[in-house]
Amino acid sequence: MASQASLLLLKQLKDLCKNPVDGFSAGLVDETNIFEWSVTIIGPPDTLYDGGFFNAIMSFPSNYPNSPPSVKFTSEIWHPNVYPDGRVCISILHPPGDDPNGYELASERWTPVHTTRKFQLAMREEVWAFWVTEFLANHLTND
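The shown structure was predicted, so the numbers you read here are calculated from the model rather than taken from an experiment. (Residues numbered from 1 in each chain as written. Predicted model: local features only at pLDDT ≥ 70, side-chain atom pairs only at ≥ 80, totals over all residues. Heavy atoms only, no water.)

Chemist: Give me unusual backbone geometry: which residues, what numbers.
Modeler: Residues Tyr64 and Pro65 are joined by a peptide bond in cis, for which omega reads 10°. Looking at where Pro65 falls in the secondary structure, it is placed in the loop between strand S3 (53-59) and strand S4 (70-73). (Helix = DSSP H or I, 4+ residues; strand = E, 2+ residues; numbered from the N terminus.)

So this is what it looks like as structure tokens:
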């Protein structure tokens, strides 16, 4: 019998295939494992990533959606929100609740109402937009 998590992930994957988020594609790494997705992200125009294709693995816990997925780039990429081993660090991928370090609001972190679509939209906003709006503005104007 399929788990609630696997049924939800199957529904969300079908939705993403029917109504994709611009610049993202997703599919299963292995057709027998709904908990591991292969994701390709296309670098957005007018950024240093323009024209790039960046591959990642999105892994979902068995208690999804109560806990967030993890994302790890398998393509080489430099970004302040990506660790050298490819793991992505953005608020929406952090467990629900208050940040023990006090850097994030609970509302910025994962909640069970988030979907894979919400994550992809957050990636577009938090990862790609960060580069354009904050990093360049803060570093190029200070040099």
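Chemist: So, the side chain of Ser75: which residues are in play, and what are the values?
Modeler: For Ser75, the position within the fold is in the loop between S4 and helix H2 (116-140). Polar side-chain contacts of Ser75 include one of 2.8 Å to the backbone nitrogen of Asn55. Residues contacting Ser75, with those up to four places away along its chain left out, are Phe53, Phe54 and Asn55. (Polar contact = N/O pair within 3.5 Å; in protein donor to acceptor, adjacent residues only side chain to side chain. Contact = heavy atoms within 4.5 Å.)

Chemist: Quick one: what's the story with the pattern of salt bridges, residue by residue and with numbers?
Modeler: Across all of its chains, the model carries three salt bridges by this definition. A salt bridge links Arg87 to Asp85, with the nearest nitrogen and oxygen atoms 2.8 Å apart. Among the salt bridges present, the one from Arg109 reaches Glu104, with a minimum N-O distance of 2.6 Å. On the basis of relative accessible area, Arg109 is assigned to the buried category, the value being 6%. A network of salt bridges, in which partner residues are shared, links Asp99, Glu104 and Arg109. (Salt bridge = Lys/Arg side-chain N within 4 Å of Asp/Glu carboxyl O. Buried < 20%, exposed > 50% of the residue type's maximum accessible area, 1.4 Å probe, protein only.)

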